[in-house]
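Below are the chains, spelled out letter by letter.
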Amino acid sequence: MSHRKLLALALAALTPPAFAVAPGSPAPDFKGTDSNGVQHTLSEYRGKYVVLEWANFGCPYDRKHYLSGNMENLQKEWTARGVIWLSVISSAPGEQGYVTPSEENTYLKTIHAAPTAALLDPTSTIARLYEAKTTPHIFVIDPTGKLIYQGAIDNKPTTDLTDIKGADNYLNDALNAAMAGKPVAVESTRPYGCSVKYAH
């Protein structure tokens, strides 16, 4: 093997993997059905901010944000300000976190969650478009359809409920900055949580 090829291979190994959707680029359109049987597309929400939140009620990292009331409060706060919040459940049938529409609706009601809709993605089609890695994994899309943030919900990658207080919430930071006409300071972080249980 030539020196040049070896150098190229070495550089490739050192280069961090590219994001499926790089911040600043158009977010891929998708079609998904929610827990009430209603179909949603990203393109229908052009002109609004959109949050995609990958969810799995059995994941302890996800439960941290729901049992504390943090995720529900964020959903209520931002949807009241006109943001479209789509929780996405991409666990395949037979995998941990898979839910039927009625199970999801019961869960949402029990914990007083308030997303605009919960999209059921048992074939993991939407997850593959975005290369969603963990639950939670957050994507924020601006009114032009451009991705402005992707990654962790905050800077405390633990399952400890007490860590929510005092955490830097990247989701809030991105929306507050963008809505004020300011650049988003942190556009991408490493998501933390349980792996998305993809369909094979």
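Residues numbered from 1 in each chain as written. Predicted model: local features only at pLDDT ≥ 70, side-chain atom pairs only at ≥ 80, totals over all residues. Heavy atoms only, no water.

A.B. asks: Just to check I follow, could you spell out the packing of aromatic side chains for this structure?
C.D. replies: For any pair of aromatic rings, geometry is given as the distance between the ring centres together with the angle between the planes. Under the counting rule described, the total for this entry stands at eight aromatic pairs. For the pair W54 and Y130, a centre-to-centre distance of 6.0 Å together with 45° between the ring planes defines the contact as tilted. Taken together, the residues W54 in strand β3 (residues 50-54) and Y130 in helix α5 (residues 125-130) connect sequence positions 76 residues apart. W54 gets classed as buried once you look at its relative accessible area, which sits at 0%. Owing to a relative accessible area of 2%, Y130 belongs among the buried residues under this scheme. Arranged with centres 5.2 Å apart and planes meeting at 70°, the rings of Y130 and F139 form a pair that is edge-to-face. Residue F139 is classed as buried on the basis of its relative accessible area of 1%. Ring pairing ties together the aromatic residues F30, W54, Y130 and F139, which thus form one cluster. (Phe/Tyr/Trp six-rings, centres within 6.5 Å; stacked < 30°, edge-to-face > 60°. Helix = DSSP H or I, 4+ residues; strand = E, 2+ residues; numbered from the N terminus. Buried < 20%, exposed > 50% of the residue type's maximum accessible area, 1.4 Å probe, protein only.)

A.B. asks: Just checking my understanding: could you explain the packing of helix α2 (residues 60-67) against helix α3 (residues 70-80) for this structure?
C.D. replies: Think of two packed helices as two axes; the pair is described by the angle between the axes and how far apart they sit. Put simply, α2 and α3 touch, their axes get as near as 4 Å, and they point 60° apart. Facing D62, H65 and Y66 of α2, the residues of α3 in contact are N70, M71, E72 and Q75. Looking at side-chain class alone, the contact of α2 with α3 contains two nonpolar, three polar and two charged residues. (Axes fitted to C-alpha atoms, helices over the stretch in contact; angles between N-to-C directions. Contact = heavy atoms within 4.5 Å. Nonpolar A, V, L, I, M, F, W, Y, C, P; charged D, E, K, R; others polar.)

A.B. asks: Can you walk me through α2 in this structure?
C.D. replies: Note: α-helices contain 3.6 residues per turn, so residues at a spacing of three or four share the same orientation. Inspection of α2 places D62, K64, H65 and Y66 among the buried residues, and these make up the whole buried set. Downstream of α2 by one or two residues, G69 has phi in the positive range, about 85°.

A.B. asks: Looking at this model, I keep getting lost on the environment of V51. Mind explaining?
C.D. replies: Secondary-structure assignment places V51 in strand β3. Taking the C-alpha atoms as reference points, V51 and S91, 40 residues apart in sequence, are found 19 Å from one another. With sequence-adjacent residues up to four places away left out, V51 is seen in contact with V83, I84, W85, L86, I138, F139, V140, L171 and L175.

A.B. asks: What is the right way to read the sheet that holds strand β8 (residues 147-151) from this model?
C.D. replies: Remark on secondary structure: sheet strands pair via backbone hydrogen bonds, oriented parallel or antiparallel. In space, the seven strands of this open sheet follow the order β2-β1-β5-β4-β3-β7-β8, with mixed pairing throughout. Here the strands that pair on one side only, and so sit at the sheet edges, are β2 (39-41) and β8. Going from strand to strand, the sheet's axes swing by 30° on average, the running direction of each strand aside. Where strand β7 (residues 138-141) meets β8, four bridges bridge the pair, whose relative direction is antiparallel. Across the sheet, I138 pairs through a bridge with G151, a residue of β8. (Pairing = 2+ DSSP bridges.)

A.B. asks: Just to check I follow, could you spell out the packing of α3 against helix α6 (residues 170-179) for this structure?
C.D. replies: As a packed pair, α3 and α6 sit with axes 12 Å apart at the nearest point and diverge in direction by 10°. As summarised for this structure, α3 and α6 are arranged roughly parallel, according to the angle between their axes. Across the interface between the two elements, L74, E77 and W78 from α3 touch L171, N172, L175, N176 and M179 from α6. (Parallel < 35°, antiparallel > 145°, perpendicular 65-115°, else oblique.)

A.B. asks: How should the nonpolar core be read in this particular structure?
C.D. replies: The nonpolar side chains of a soluble globular protein tend to be buried with one another. One finds V51, W85, I138, V140, Y149, L171 and L175 to be the most contacted residues of the largest nonpolar core, which totals 26 residues. Element by element, the count of residues in this core is highest for α6, at five residues. Beyond its immediate sequence surroundings of up to four residues, V140 is in contact with V50, V51, K146, L147, I148, Y149, L171 and L175. Counting 21 residues, the second largest nonpolar core, distinct from the first, contains Y45, W54, V88 and L147. (Core = buried A, V, L, I, M, F, W, Y, C linked by side-chain atoms within 4.5 Å.)

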